[in-house]
Amino acid sequence: MQISLLSLTASSAFTVPAYAENAIFSAAEQKQWVGKPAPAFKLQDQNSKWHELKQYRGKWLVLYFYPKDDSPGCTKEANQFKALYPQFLKNNSAVLGVSLDDVASHQKFSAKLGLPFPILADSKHQLASQLGIVRNLGITKMAKRETFLIDPQGSIVYHYSSVDTQTHAAQVLADIQKLNKK
């Protein structure tokens, strides 16, 4: 079921969405993820392998959303996670990239960059919509560039709503290292 709310202004011929589709929390609550259980998901990666939240119990899970395969910012961000990936593994962490692109697009993007971690195809917008981070750009939809850090028990401990593609992976890794010391 899709719900969309569109408004048309007299000065514009464009339709503008009023809110993200199917968010499990209201707009006011979307930034208040800390302490909430991560939503269950089942999505395919670039190799058509299925991934579910429950597979990652007992590990830190970095669920980073990005707008579009092969775009400059998304390439920078993916390369940052790639460079630090061995450090994430040493810190009992899994990294999953997610966008609304399909499996074939992810396959090309992953192969081009040599990504060592899965990137999930949320092409039906299921997970991104649950988290309230779908950006509707007229006829095109994209995920916002946001990240959720999920603890080994399945709860969200950080929601990064503002991401710098050059430093974000290092910031997430540092946060995991701090939390591991507690």
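Residues numbered from 1 in each chain as written. Predicted model: local features only at pLDDT ≥ 70, side-chain atom pairs only at ≥ 80, totals over all residues. Heavy atoms only, no water.

Trainee: Is there a simple way to think about unusual backbone geometry in this case?
Mentor: Backbone phi values are negative for most residues with the exception of glycine, while trans is the configuration of most peptide bonds. In this structure, serine 48 is a non-glycine residue whose phi angle is positive, near 65°. With respect to the secondary-structure elements, serine 48 resides in the loop between strand 3 (42-44) and strand 4 (50-52). A relative accessible area of 39% means that serine 48 is categorised as partly exposed. The phi angle at histidine 125 is positive, at roughly 65°, despite the residue not being glycine. (Helix = DSSP H or I, 4+ residues; strand = E, 2+ residues; numbered from the N terminus. Buried < 20%, exposed > 50% of the residue type's maximum accessible area, 1.4 Å probe, protein only.)

Trainee: Before we go on, may I ask you to explain the confidence of the model for the protein in this structure?
Mentor: Low-confidence regions, as indicated by low pLDDT, have predicted coordinates that should not be scrutinised in detail. Mean pLDDT over the protein stands at 82; residues scoring 70 or higher make up 82%. At the level of individual helices and strands, the protein shows its lowest average pLDDT in strand 2 (residues 15-17), which scores 30, and its highest in strand 4, which scores 97. Note on residues 1-30: pLDDT under 50 across the span, and 40 contacts to partners over four residues away in sequence or across chains. (pLDDT = per-residue confidence, 0-100. Contact = heavy atoms within 4.5 Å.)

Trainee: Would you mind going over the packing of helix 1 (residues 72-90) against helix 4 (residues 168-181) with me for this structure?
Mentor: Packed helices, taken two at a time, are described by the angle between their axes plus the distance between the axes. In the contact formed by helix 1 and helix 4, the axes pass within 8 Å of each other and the chain directions differ by 30°. Here helix 1 lies roughly parallel to helix 4, going by the angle between them. By crossing handedness, the relation of helix 1 to helix 4 is classed as right-handed. Every residue of helix 4 that contacts helix 1 at Glu77, Gln80, Phe81, Leu84, Gln87 and Phe88 is listed here: His168, Ala169, Ala170, Val172, Leu173, Ile176 and Gln177. In terms of residue class, the contact of helix 1 with helix 4 is built from eight nonpolar, four polar and one charged. (Axes fitted to C-alpha atoms, helices over the stretch in contact; angles between N-to-C directions. Parallel < 35°, antiparallel > 145°, perpendicular 65-115°, else oblique. Left-handed = near helix turned anticlockwise from the far one by under 90°. Nonpolar A, V, L, I, M, F, W, Y, C, P; charged D, E, K, R; others polar.)

Trainee: Could you clarify how one ought to interpret the packing of aromatic side chains in this entry?
Mentor: All chains considered together, the criterion is met by eight aromatic pairs. On the numbers, 5.7 Å between centres and 35° between planes, the contact of tyrosine 64 with tyrosine 66 is tilted. Take tyrosine 64 and tyrosine 66: they sit in the same class, and that class is buried. A centroid spacing of 5.9 Å and a plane angle of 35° characterise the contact between tyrosine 66 and phenylalanine 109, whose relative ring orientation is tilted. Taken together, the residues tyrosine 66 in the loop between strand 5 (60-65) and helix 1 and phenylalanine 109 in helix 2 (residues 103-113) connect sequence positions 43 residues apart. (Phe/Tyr/Trp six-rings, centres within 6.5 Å; stacked < 30°, edge-to-face > 60°.)

Trainee: For this particular structure, what's the right way to read empty space enclosed by the protein?
Mentor: A water-sized probe, rolled over the atoms, reveals where empty space remains. According to the stated counting rule, one finds one cavity of 30 Å³ or more in the structure shown. Each pocket or cavity is described by its volume, and for the largest cavity that value is around 40 Å³. Around the largest cavity, the lining residues are Leu53, Tyr56, Arg57, Lys59, Leu61, Ile150, Asp151, Pro152, Gln153 and Gly154. Here the lining of the largest cavity is composed, by residue class, of five nonpolar, two polar and three charged. (1 Å grid on protein atoms, 1.4 Å probe; cavity = no way out; pocket = protein on both sides within 12 Å on 5 of 7 lines; lining within 4 Å. Points joined across faces, edges and corners; volume = space filled by probe spheres on them.)

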